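So the chains spell out like this:
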Amino acid sequence: MSNIIIGTAGHIDHGKTALIRALNGFEGDTTNEEKQRGITIDLSFSNLSLGQQNIAFIDVPGHEKLVKNMIAGAFGFDYVMLVISANEGIKPQTIEHIEIINLLGLKEIIVVITKKDLVTTEELELKKEEILEFLQNFDFEIKFISTVSIYDENSINKLKTLLFSIKNSTKQEENFFRFYVDRVFSPKGIGTVVTGTVLGKKCEIDEKLFICQSQKETRIKNIQVHNLNVLEANISSRAALNLQNVNITAIQKGDLITKKGHIRGFDGIDISFKCLKNKKLNHNQTYTLFVGAKKIDLKVLLFDCITSLEEGYATLKANEPLYTVFGEKVILRSGNETICGGVILNPVIDPMKKNQKKRLLEALHKKDFISAYNELLEAHKKGLGIISSTQRFALSHDEAISFAKNMQNVFVDEKELVIYPLCTKDEIKDFIKEIYTKNSYALLSNASINLRLKWASTAFIQLVLDELENEGFLTKDGSLYKNANIKEDFTKDLENIILQRLKEEDITPTAPYNIYDDLDIDRKVGDDILKSLTSKKQIIRLQHNIFIHFESLNKMVKIMKEIIKEEGFIELSNFKEKFDLSRKYLITYLDYLDNFSDIKKVETKRIFL
């Protein structure tokens, strides 16, 4: 089914809600307050269908004090139906709605002149010309202009025909599903239900989702689109999602539901902005941000710390994480005044120098992603995750890899999805050289180096190892690398080194992995050496991470038996009086005593039989 979302806009009492009612019979003003006051207070949702075409209407409030609700609805629009009364024409809220629509980058509009029965034909034509002339001040594409009266069925039917001539949604498929919550409720016996507009990609029943603000995973139990149960909801569908295991208190209007792992939250974002005529954005002042259905007060920091600007770059600092993506439109208001519109350029905040940040924002503003990558790599010399490009640049993994491959002086790990500046290779090379220069008996694998340089992928490390082998600094033995200057097999030497070390450490032997790290040997090599020494009974394995020299263990057993002989028993308390060791060692030695036939354990004590 073809889905489009048409939002209404216009001044109070110009007939938006009455027009929707005439088109589809939906009574939008349903709350008592709305009926008593005769104005739309919140968003109203309804639809009109013909065959495989579905038009969803979002009827927004026109009253000046309710513009915030109008903005929440406007983020979901494909097209805007600008409703203007024939007898009043363009009024203050008409202009503010038009300005907001323009700031949000909504270009395709439908103009509907209502209440045509209240004016003459000549007056209607003059009003039409006046409206079109005013709209020329904006960069809109007017799909059509229609004149109607809710009492003239023919005019309503003509408008319906024109509406169904619009075939497709203007929204582009993105890399992942996004859904701003605009309503939350809990019908008895159903659980938590949220409504919103499907963005990015479709969603399906049983699909796992993630609520960003509460960091909670959930699953879709049921989907309704215009009161019908469906298996999936496509882009630009107005959908109600029944969520599993989500308490109604754990989610609220403005929360973002998406797929886990795609979006991270930051307490700041960078935007480009442009103010309305005769308005300025002030540095270090608090404004209200509108993005999606989210509304939040935050501080605006102009990039150049100038007192005020009509357009430029700004950082928005909030007291909670903001979950946004590159290219999203935002509105900033002060009280009941709309000040400016903006575009999110940098949804992921990185520690950067001011000049570097400015170059990044300029590149992002032009969608010059290669230059943006280069600037980010200056801040991420130890690797920039390609997966973050989904949020940073609204690029798919394939698109991000394609951009990365066209960059100069970088290494792209396509498996791990990381980009490294090629200059970082020298850091890895120096690290490896230092190990083998310091310790001639070093014997490491790619994996063991990766354990020490967790930021470097195995593919990037391998590039360096290959170079060091080609330079004649290292030689490869299976998966291991050793100093090229040492030709003989030094495994026996390593055995003696480890055995001597354990002998010196006596009754408090170091954990094996610490020994391997100190000796710069691969863990598998170290494990094999310990197995060999154990099989020769030169060392004894007491636990998975405690290996002791046999002489030290025999000495400890002799001492423990002496304690039993003197005091009649040995347990943790009197053992610790003799040896100020950690519980790990004390308990291990006590447990080892249980292997002897002349020792019996009685509750917590060991005694002679």
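Structure first, text after, so check above.
This write-up is about the structure you can find in this document. Numbering of residues starts from 1 in each chain and follows the order in which that chain's sequence is written. Local features are withheld for residues below a pLDDT of 70 in this predicted model, meaning they are given only at 70 or higher, and side-chain atom pairs are given and counted only at 80 or more; totals for whole chains, interfaces and linings count all residues. Working from all heavy atoms in the structure, the side-chain values ignore hydrogens and water.

Here we look at a negative patch on the surface
A grouping of Asp477, Glu488, Asp489 and Asp493 is seen on the molecular surface, where their side chains present a negatively charged patch. Strands are runs of DSSP state E lasting at least two residues, helices are runs of H or I lasting at least four, and both sets are numbered from the N terminus onward. Take Asp493: it is sitting in helix 14 (residues 491-505). Like charges are joined within 9 Å and nonpolar side chains (Val, Leu, Ile, Met, Phe, Trp, Tyr) within 5 Å, but only among residues with over 30% relative accessible area and no salt bridge; these make up the patches. Note on areas: these come from Shrake-Rupley sampling with a 1.4 Å probe, and a residue is covered only by the protein chains present in the view. Criterion for a salt bridge: a side-chain nitrogen of Lys or Arg within 4 Å of a carboxyl oxygen of Asp or Glu. In this tally, Lys and Arg are treated as positive and Asp and Glu as negative; His is ignored, and so are the chain termini. Each charge is placed at NZ for Lys, CZ for Arg, CG for Asp and CD for Glu.

Quick notes on unusual backbone geometry
The backbone phi angle of Asn245 is positive, close to 55°, even though this residue is not glycine. Relative to the assigned elements, Asn245 resides in the loop between strand 14 (238-243) and strand 15 (256-258). The backbone of Lys367 shows a phi angle near 60°, a positive value even though the residue is not glycine. Looking at the element boundaries, Lys367 is found in the loop between helix 7 (354-365) and helix 8 (369-379).

Concerning the side chain of Lys429
Its place among the elements puts Lys429 in helix 11 (residues 425-438). Within polar-contact distance, the side chain of Lys429 engages the side chain of Glu471 at 3.0 Å. Only heavy atoms enter the contact rule, under which two residues are in contact if any of them lie within 4.5 Å. Here Lys429 is in contact with Val464, Glu467, Leu468 and Glu471, once residues within four sequence places are set aside. For this analysis, a polar contact is any N or O atom pair within 3.5 Å, provided that within protein one partner can donate a hydrogen and the other can accept it, and provided that sequence-adjacent residues contribute only side-chain to side-chain pairs.

Focus: the packing of helix 1 (residues 16-24) against helix 6 (residues 153-163)
A fitted line through C-alpha atoms represents every axis, and for helices the fit uses only the stretch in contact; the resulting angles, taken between N-to-C directions, go from 0 to 180 degrees. Interaxial distance between helix 1 and helix 6 falls to 10 Å at its minimum, and their mutual angle equals 85°. Judged on the interaxial angle alone, helix 6 and helix 1 are roughly perpendicular. Judged by residue contacts, Leu19, Ala22 and Leu23 of helix 1 engage Ile156, Leu159, Lys160 and Leu163 from helix 6. Looking at the contact of helix 1 with helix 6 residue by residue, the class counts come to 6 nonpolar, no polar and 1 charged. Should an angle lie under 35 degrees it is considered roughly parallel, over 145 roughly antiparallel, and from 65 to 115 roughly perpendicular; all remaining angles are considered oblique. Think of it as three bins: nonpolar holds Ala, Val, Leu, Ile, Met, Phe, Trp, Tyr, Cys and Pro, charged holds Asp, Glu, Lys and Arg, and polar takes everything else, Gly as well.

Here we look at the sheet that holds strand 24 (residues 384-385)
Strands are labelled as partners when DSSP assigns at least two bridges between them. The 3 strands are arranged 24-26-25 in an open sheet whose pairing can be described as antiparallel. Sheet topology places strand 24 and strand 25 (410-413) at the edges, where each strand pairs with a single neighbour. Where strand 25 lies against strand 26 (residues 418-421), 4 bridges are found, and the strand directions are antiparallel. Counted as the bridge partner of Val412 is Ile419 from strand 26.

Quick word on helix 16 (residues 523-535)
The terminal C-alpha atoms of helix 16 lie 18 Å apart, and with 13 residues this matches the ideal 18 Å at 1.5 Å per residue to within 8%. Think of it in three bands: with a 1.4 Å probe and only protein chains considered, a residue is buried below 20% of the maximum accessible area for its type, exposed above 50%, and partly exposed in between. All of the buried residues in helix 16 are Val525, Gly526, Ile529, Leu530, Ser532 and Leu533. Each buried residue of helix 16 sits inside an arc of 160° when the element is viewed along its axis, so together they form one side. Across from the buried face of helix 16, at angles greater than 90 degrees, the exposed residues are Lys524, Lys531 and Ser535. Considering only its buried residues, helix 16 is in contact with strand 27 (443-445), strand 29 (480-483), helix 14, helix 15 (512-519), strand 30 (539-543) and strand 31 (546-549). With a side-chain oxygen positioned 3.0 Å from the backbone nitrogen of Lys524, the residue opening helix 16 is Asp522. The positive-phi residue at the C-terminal boundary of helix 16 is Lys537, with phi of around 60°. Helix span, expected: 1.5 Å multiplied by one less than the number of residues in the helix. It is the directions from the helix axis to the C-beta atoms that the arc portrays.

Some remarks on the pattern of salt bridges
Taken as a whole and judged by the stated rule, the model has 38 salt bridges. Across the pair Glu217 and Lys260 runs a salt bridge whose closest N-O atoms are separated by 3.2 Å. In this pair, Glu217 sits in strand 11 (residues 216-225) while Lys260 sits in the loop between strand 15 and strand 16 (266-275), placing the two residues 43 residues apart along the sequence. Taking relative accessible area as the criterion, Lys260 reaches 52% and is therefore assigned exposed. In this structure, Asp520 engages Arg452 in a salt bridge whose closest nitrogen and oxygen atoms are separated by 2.6 Å. Here the residue Asp520 occupies a position in the loop between helix 15 and helix 16, and Arg452 occupies one in helix 12 (residues 446-452), the gap between them amounting to 68 residues. Residues joined in a network through salt bridges with shared partners are Lys425, Lys429, Glu467 and Glu471.

A closer look at the side chain of Glu96
Relative to the helices and strands, Glu96 resides in helix 4 (residues 92-103). A polar contact is formed between the side chain of Glu96 and the side chain of Thr338, at a distance of 2.9 Å.

A word on the environment of Phe431
Among the structural elements, Phe431 can be located in helix 11. Looking at Phe431, the relative accessible area reads 26%, which means it is partly exposed. In sequence terms Phe431 and Gln136 are 295 residues apart; their C-alpha atoms lie 64 Å from each other.

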